[in-house]
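# Chain and residue survey
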Amino acid sequence: MDKDGAVVLATERYGCAESWKYVAKDGVMQRRRDEGESGSTRNSVVGLFKSVFLPQGYPESVSNDYLQYQFWDTVQAFSSSLSGTLATQASLKGVGVGNQEATVAAATVTWILRDGTGMLGRILFAWQKGSKLDSEAKKWRLFADFLNDIAMFMEILAPYFPACFTLIVCTAGIFKSIVGVAGGATRAALTVHQARRDNMADISAKDGSQETLVNLAGLLVSLILIPLVTDNPILTLSLFFLFTILHLFANYKAVRSVVMETFNEARLSVVLQQYLRNGQILSPPAANQREPVFLEFRKKVPVNLGVRLQEVVQSEDELHLALENNSMPYLIGVRNGCVCVCLGQGASVHDEIRAMCQAICLSSALNPAASTAEASKESLIQKSQSHWEMVYESQKLMDKIFNPFLKGVEAAGWQIDRTLLDWDEWRIAWKTKSN
């Protein structure tokens, strides 16, 4: 019953934005806004802004970290837009805009060479690193923006080195092509994470709208900046460094705000090592805060997943050692300072997680930077043993801890039905005594 005596027949709600009720009074059905809400949300400026720039069903249709990530992503896009304006002005000056002695042909050749080398760089980078962009999305996202700033800095300096102008802008073009591949691919990976209703297309479209709005704002500010920085290299460089610092800081905060619930090598390592220390299972937000977001180009004891059999064993005796007391559908060995894992045909996702956990324990024990006491405490594997003895000890450790560990991470909110571990495609079928 409503306040005026009308009978409430039904209620409806548009997501969490607004709610209405249908009432019957004097034989007439009326639609009224819920009394607990004031104003017309969908007709308000805020409501219109949300419908234009945010995914439908926000915030239920996206991950909890969506708003924080988009805020910092907007800040970095704005600062990058301003830096790009300074770089574009320098590039145009370098190819001869405003210089009566410059020829159209020379400028065209320079532009073609820059675009051509960039295309080749895009293909080569996607070939070499494409499979890494899913598993290390945060690291490559941050690296891409750092490389973009380097490319723009090179473009700003290029006009002051006319003899090397073409070489500099071509190198910057290669860097920007890498940025395009890494930035676009990692953004797609983050979109998959943010989409909670399989609404990746909607999130991607609204992200494009947000970026367009930011670029428009950047263009308006650029109209004010360009007259100030023209023929003033000191001010140009000062503003560029200011925008770059803001850009890098915003990017760092953006990737730090992402809370992914799927395991990659870094997050699984953080959670497992904490569990080995004190039995505590870190939640996704806690583990993501500890996850490193800077690329490591040379790991001290890298882990190679899904390798060929010959990278684990090189003789029949070694194969027997690898299979000794091993009932799991994977083989682990240590070769040339690397922990190598062969995955058997038909291995499940849980088998992949267990193999990675065992490899992390071995890698931690073999790490020369870790003290013997620390390795003994965290991995329970002694460095003084031979490699095959260490593999066997790590196997016994997994038999003891893996099942309660897996139940713990599932209870803590981690997804264990899929992973972002960087497995290669080799799958092995080996002979056992039974067959």
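Read on for a plain summary of the structure. (Residues numbered from 1 in each chain as written. Predicted model: local features only at pLDDT ≥ 70, side-chain atom pairs only at ≥ 80, totals over all residues. Heavy atoms only, no water.)

## What about the overall build of the protein?
Along its length, the protein carries 14 helices and seven strands. Within the protein, counting contacts between residues at least 6 apart in sequence, those at least 24 apart form 70% of the total. Counting only carbon and sulfur atoms, one obtains 59% of the accessible surface of the protein, whose full area is about 22900 Å². (Helix = DSSP H or I, 4+ residues; strand = E, 2+ residues; numbered from the N terminus. Contact = heavy atoms within 4.5 Å. Areas by Shrake-Rupley, 256 points an atom, 1.4 Å probe, with all protein chains shown as cover.)

## Section: the nonpolar core
Membership of the largest hydrophobic core comes to 53 residues, with the highest contact counts inside it found for Leu 268, Val 271, Leu 272, Val 341, Cys 357, Phe 405 and Val 409. Looking at which element gives the most residues to this core, the answer is helix H14 (residues 387-411), with 10 residues. For Cys 357, the contacting residues outside a window of four places in its chain are Leu 268, Leu 272, Met 398, Phe 402 and Phe 405. Core analysis: the next-biggest nonpolar cluster, separate from the first, contains 11 residues, Leu 82, Leu 86, Ile 156 and Phe 240 among them. (Core = buried A, V, L, I, M, F, W, Y, C linked by side-chain atoms within 4.5 Å. Buried < 20%, exposed > 50% of the residue type's maximum accessible area, 1.4 Å probe, protein only.)

## A look at the pattern of salt bridges
The full count for this structure, using the stated rule, is 17 salt bridges. Between Arg 308 and Glu 311 there is a salt bridge whose closest N-O contact spans 3.3 Å. Residues joined in a network through salt bridges with shared partners are Arg 114, Asp 115, Glu 155 and Lys 176. (Salt bridge = Lys/Arg side-chain N within 4 Å of Asp/Glu carboxyl O.)

## Things to note about the packing of aromatic side chains
By the definition in use, this model includes 12 aromatic pairs. Where Phe 71 meets Trp 72, the ring centres are 5.1 Å apart and the plane angle is 75°; that geometry is what we call edge-to-face. Aromatic side chains Tyr 275 and Phe 405 sit 5.3 Å apart centroid to centroid with 55° between the ring planes, which places their arrangement in the tilted category. Of this pair, Tyr 275 sits in helix H9 (residues 265-278) while Phe 405 is found in helix H14, placing the two residues 130 residues apart along the sequence. Take Tyr 275 and Phe 405: they sit in the same class, and that class is buried. (Phe/Tyr/Trp six-rings, centres within 6.5 Å; stacked < 30°, edge-to-face > 60°.)

## Considerations on the packing of helix H1 (residues 45-53) against helix H7 (residues 200-229)
Interaxial distance between H1 and H7 falls to 8 Å at its minimum, and their mutual angle equals 115°. Contacts between H1 and H7 pair Phe 49, Ser 51, Val 52 and Phe 53 from the former with Lys 206, Ser 209, Gln 210 and Leu 213 from the latter. Class assignment for the residues of the contact of H1 with H7 results in four nonpolar, three polar and one charged. (Axes fitted to C-alpha atoms, helices over the stretch in contact; angles between N-to-C directions. Nonpolar A, V, L, I, M, F, W, Y, C, P; charged D, E, K, R; others polar.)

## Digging into a nonpolar patch on the surface
Taken together, the side chains of Phe 49, Leu 213, Leu 216 and Leu 219 define a hydrophobic patch exposed on the protein surface, amounting to about 380 Å² of accessible area. The greatest single-element share of the nonpolar patch, amounting to three residues, is contributed by H7. (Patch = residues over 30% accessible without salt bridge, like charges linked within 9 Å, V, L, I, M, F, W, Y side chains within 5 Å.)

## Considering helix H8 (residues 233-257)
Taking 1.5 Å per residue, 25 residues should reach 36 Å; H8 reaches 36 Å between its end C-alpha atoms and fits that length. Every buried residue of H8 is accounted for by Thr 236, Leu 239, Phe 240, Phe 243, Thr 244, His 247, Ala 250, Asn 251, Ala 254, Val 255, Arg 256 and Ser 257. (Expected span 1.5 Å × (residues − 1).)

## Considerations on the side chain of Gln 194
Within the secondary structure, Gln 194 sits in helix H6 (residues 165-194). Under the relative-accessibility criterion, Gln 194 is labelled buried at 2%. Residues contacting Gln 194, with those up to four places away along its chain left out, are Ser 61, Val 62, Ser 63, Tyr 66, Tyr 69, Gln 70, Arg 187 and Ile 203.

## Section: the sheet that holds strand S1 (residues 7-14)
Strand order in the open sheet formed by three strands is S1-S2-S3, and the pairing between neighbours is antiparallel. On the outer flanks of this sheet lie S1 and strand S3 (28-33), each paired with one strand and no other. Pairs of neighbouring strands in the sheet enclose a mean axial angle of 20°, with direction left out of account. Across six bridges, the pairing between strand S2 (residues 18-25) and S3 is antiparallel. Each bridged residue has a counterpart across the sheet, and for Lys 21 the counterpart in S3 is Arg 32. (Pairing = 2+ DSSP bridges.)

## Comments concerning unusual backbone geometry
The residue after Tyr 58, namely Pro 59, is reached through a cis peptide bond having omega 5°. Inspection of the secondary structure assignment puts Pro 59 in the loop between H1 and helix H2 (66-94). One non-glycine residue, Asn 336, adopts positive backbone phi at about 55°. Take Asn 336: its relative accessible area is 75%, and that puts it in the exposed class.

## Some words on the environment of Asn 215
Turning to its location among the elements, Asn 215 is positioned in helix H7. Accessibility expressed as a relative area gives 29% for Asn 215, which makes it partly exposed. In the structure, Asn 215 is positioned 141 residues away from Thr 74 in sequence and 9.6 Å away in space, judged by C-alpha atoms.

## Focus: the environment of Tyr 275
You can call Tyr 275 buried: its relative accessible area is 16%. For the pair formed by Tyr 275 and Ile 401, sequence separation is 126 residues and the distance between their alpha carbons is 9.4 Å. Each residue touching Tyr 275, except ones within four places of it in the same chain, is listed here: Gln 280, Ile 281, Ile 401, Pro 404 and Phe 405.

What is shown is where atoms sit, not what they do.
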